[in-house]
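Residue-level structure breakdown
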Amino acid sequence: MTKFKTQHITNFYQSELEKLGQQQQLIDVRTKEEYEIGHINGALLYPVQQIETFDLPKDRTYYIHCKSGGRSRKAAEVLSAKGYNVVNLDGGFDAIKGQLSNVETPMTRKNISHSDELKENRIKRDFSGLQCPGPIVEINKEMTKMSEGEQLEVSVTDFGFKQDIQAWVKQRGYHLVMLEENVDHIHAVIEKTKDKTMDVTHEGNGTTIVLFSGELDKAIAALIIANGAKAAGRDVSIFFTFWGLNALKKINQSPVKKKGIAKMFDMMLPSQPEYMPISKMNMFGLGNVMMRYVMKKKNVETLPTLIEKAIEQDVKLIACTMSMDVMGISKEELREEVTFGGVGAYIGDTEQARHNLFI
């Protein structure tokens, strides 16, 4: 097996990355949805789940990147084993997107809509202040009253809406003309197309899990199932909501200053995943200590380790933004690999799932 090289993506100038794209040497292994939101000009999309189908010529070196570096490393290992010369670009798109002056996104004119333009008579609505699932529910009401070809422009302050709207339009068969993330709101334009049949067929090979519980043993069970399902070849996503969000907290995170009710919640919630209580015999925290001691003796992997393995396998981790807001949990407290979304993002994944679990 040929050993691949790793370089940090910030070692390259934008012009160098775009030149690699022009030469068909820059490979983006994120999802189609991530790619459509924004990508380096010329980058070829090969989602890591389909990297085994990669069949480009072997007479050149390929530079692989993802969102932050985990998936690109996995893809680099696969391609290296197949005899390709590859370089894993550590840091990924997140490390350079703020430095790029020309990033292809759905905002570019060539991708703007079926008619290649925003319509002047589009309907405008402001759904600022609404939490999930409010914006999607209101948009659905508006679209129901609209005729085919009409456009709806919306402004939403729930930052999980960016994932929700992409999943929702895909389900309904509508067209997302524009999607723009600003500092304090998400701006989108949706064009109504012919309604897609809403019959649920579950033809996909996915597994979805809702982790509602904030108890250590149940969170471990959820992650064991997720890792096992992923290893069996399934597409897996976990929707962390309410108490389940504690499983996504960073290890040894510096305290985030909070006020009011958010501060009260912070005092009651565990500071990191391993301190979550167990469902039976917790005994004011003693049960947690005993459980972790027995797990260590029996070589059972810890919750943080299981989450790391899930990330390495590209299990999709979705943090419910509505629950985050209610419980005063900020983005800074959660792992960088987390996707922020709402019920729309989760329901979008269930459409391709044969197993849907609530824990």
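Residues numbered from 1 in each chain as written. Predicted model: local features only at pLDDT ≥ 70, side-chain atom pairs only at ≥ 80, totals over all residues. Heavy atoms only, no water.

The name an unreviewed UniProt entry gives the chain is Dihydroneopterin aldolase, with Staphylococcus agnetis as the organism.

1. What to know about the sheet that holds strand S9 (residues 151–156)
Ordered by their spatial adjacency, four strands build an open sheet running S8-S9-S11-S10, and the pairing between neighbours is mixed. The open sheet has two edge strands, strand S8 (123–126) and strand S10 (175–181), and neither has a second partner. Strand-to-strand, the axes of this sheet are offset by a mean angle of 15°, without reference to chain direction. Direction of pairing for S8 relative to S9: parallel, over a ladder of four bridges. Across the sheet, residue Arg-125 finds its bridge partner in S9, namely Val-154. Contacting S8, S9 and strand S11 (186–191), helix H5 (residues 134–145) runs over the sheet at an angle of about 160° to S9. Of the strands in this sheet, S9, S10 and S11 touch helix H6 (residues 161–172), which is tilted by about 175° from S10. (Pairing = 2+ DSSP bridges. Helix = DSSP H or I, 4+ residues; strand = E, 2+ residues; numbered from the N terminus. Axes fitted to C-alpha atoms, helices over the stretch in contact; angles between N-to-C directions. Contact = heavy atoms within 4.5 Å.)

2. Some points on unusual backbone geometry
If you check the backbone angles, Gln-24 has positive phi at about 55° while not being a glycine. Among the secondary structure elements, Gln-24 is positioned in the loop between helix H1 (14–22) and strand S2 (26–28). Within the chain, Phe-242 stands out as a residue other than glycine whose phi angle is a positive 45°. With respect to the helices and strands, the residue Phe-242 is situated in the loop between strand S13 (235–240) and helix H8 (260–268).

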